[in-house]
Amino acid sequence: MVYLRMDSRGSFLAALALAAVFPAVSSGQPHDLVLRGGYVIDPGSGRSGNYDVAVSGGRIVAVEAGLEPGEARLLLDVSGLLVFPGLVDIHTHLFTTTGIAGAWAGDSSVRPDSFSFRSGVTTMVDAGSSGWRNFESFRAAVIDRASTRVLALINIAGNGMVSQDAEQGDFDPREVARLARMHRDVVVGVKSAHFQSAAWTSVDHAVSAGKEAGIPVMVDFGRFLPGRPFWELVEDHLRPGDMATHCFRAQVPWTDADGALHPYLQRARDRGVKFDVGHGGGSFAFRNAGPAVAQGFFPDSISTDLHAGSMNSAMMDMPTLMSKFLALGMALDDVVRACTSSPAKQIGRPDLGTLSVGSVADVAAFRLDTGDFRFRDVHGGALDGTQRLAAVLTIKGGEVVWDWNSLTGTDYRNLPRDYGVGDRDVLLVPPR
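Being a predicted model, the structure only gives us computed values, none of them experimental.

Definitions and limits used
- Residues numbered from 1 in each chain as written.
- Predicted model: local features only at pLDDT ≥ 70, side-chain atom pairs only at ≥ 80, totals over all residues.
- Heavy atoms only, no water.
- Helix = DSSP H or I, 4+ residues; strand = E, 2+ residues; numbered from the N terminus.
- Buried < 20%, exposed > 50% of the residue type's maximum accessible area, 1.4 Å probe, protein only.
- Lys, Arg positive; Asp, Glu negative; His and termini not counted.
- Salt bridge = Lys/Arg side-chain N within 4 Å of Asp/Glu carboxyl O.
- Axes fitted to C-alpha atoms, helices over the stretch in contact; angles between N-to-C directions.
- Parallel < 35°, antiparallel > 145°, perpendicular 65-115°, else oblique.
- Left-handed = near helix turned anticlockwise from the far one by under 90°.
- Contact = heavy atoms within 4.5 Å.
- Nonpolar A, V, L, I, M, F, W, Y, C, P; charged D, E, K, R; others polar.
- Pairing = 2+ DSSP bridges.

Visitor: When you look at the side chain of R228 in this model, what are you seeing that I'm missing?
Guide: Residue placement: R228 occurs in the loop between β13 (217-219) and α5 (230-237). Here R228 sits buried without a salt bridge, and the closest side chain of opposite charge, D220, lies 8.3 Å off (N-O distance).

Put into structure tokens, the structure is as follows:
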């Protein structure tokens, strides 16, 4: 087996390989992979502490302290690391092939495998980049070709987010519901976004489609207009289980003149409406998130609203976003829950976002650095913090897909002299 370790201070050292990878000798079948010595935080199963995690056949087969090292084909020592379920990001934009020149979704979307695993994310949900007219093209071009697990919300607008004014019409709830049922393996909801008029047409059509298909709705509120206030969205139009994304957007009314949270927020939560972060490039203000967290109103799900603009500005990535909520005062367990089991349940996939025995082996190991860090919101507001997360190792379906510190590598001096040369290669010896 290969046995690799890091020191307990969080400074990673690639140890010399003790031997080449080979099946461990044991009385039973060896595990494919064991992560040993990490601090597991798995809110979905209520587990928090020092545990070893064993993987076989792409599934979690054991989460125990002191698993025998001989029971693994590959043993990785992750002492000093935090071990979470693979992160579930329920607001991203991934429709990179729209076929429409200048389309917002195509020009701003991100190829999932280019960004997911290096951030500890194993599941991404595209939030309505495609609509009922082009969803199947999106599935063929992106969903079915990605190594990342890509799920989708179908936009209630026919062509999805082809522009900032995408939702002026072309709504067909029945067709959205039909597609959702046909593609139930990947479609997990309906999206209404960027709508500009004072009418509730976009939201109500999306909810109608969600009812017919039996799936939740996510709403990006669009323009804030006097005749269509935000509190009516969450109190009157959304159902239990539906999601209001961009919940900390600057225009959302959170506090009164005395700094207390408006009562409508708790009323909506008591009804079962979910509040999703959806940070993005223009939808997150500390002046809203700060009072909310301080008064115990945590987001139900922490999501990035990943696109080409947000990844290169204040949002950056999921570990940075998680670190912002640590700086705001959320406990680490609560932050992890909002990136794993909670969003997984919101999209009707409770099999994801957990390290429960039998669940799919999506695992992410993180370093928690301490120091002086500064975080930004989308309007230039800043917040200082003392902790910052960084993804070190990501496993999706039992396969290592991100290995920042090369924990799976073998010291090249312990490998055969001609390693890397294939059976069909011919080594030509140069003349003296």
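Visitor: Looking at this model, I keep getting lost on the packing of α5 against helix α6 (residues 263-271). Mind explaining?
Guide: Helices that pack against each other are described as a pair by the angle of their axes relative to one another and the distance between those axes. α6 packs onto α5 with a crossing angle of 25° between their chain directions and a minimal axis gap of 9 Å. What the angle tells us is that α5 and α6 run roughly parallel. The crossing of α5 and α6 is left-handed. Between α5 and α6, the contacting residues are F230, W231, V234, E235 and D236 on the first element and Y264, R267, A268 and R271 on the second. In terms of residue class, the contact of α5 with α6 is built from 5 nonpolar, no polar and 4 charged.

Visitor: I tried to follow the sheet that holds strand β11 (residues 149-155) on my own but got confused; where do I start?
Guide: By definition, the strands of a sheet pair up through backbone hydrogen bonds, in either a parallel or an antiparallel sense. Pairing is parallel across the open sheet formed by 7 strands, whose spatial order is β9-β10-β11-β12-β13-β14-β15. Where the open sheet ends on each side, the last strands, each with one partner, are β9 (87-92) and β15 (274-275). Bridge count between strand β10 (residues 121-131) and β11: 6 bridges; the pairing is parallel. Looking at the pairing, M124 lines up with V150 of β11.

Visitor: When you look at the sheet that holds strand β3 (residues 39-42) in this model, what are you seeing that I'm missing?
Guide: Pairing is mixed across the open sheet formed by 6 strands, whose spatial order is β4-β3-β8-β16-β17-β18. Strand pairing shows two members of the sheet lacking a second neighbour, β4 (47-50) and β18 (399-403), which therefore form its edges. Adjacent strand axes in the sheet meet at a mean angle of 30°, parallel and antiparallel pairs treated alike. Strand direction decides the pairing type here: strand β17 (residues 382-396) and β18, joined by 4 bridges, are antiparallel. Of the residues in β18, the one forming a bridge with T394 is W402.

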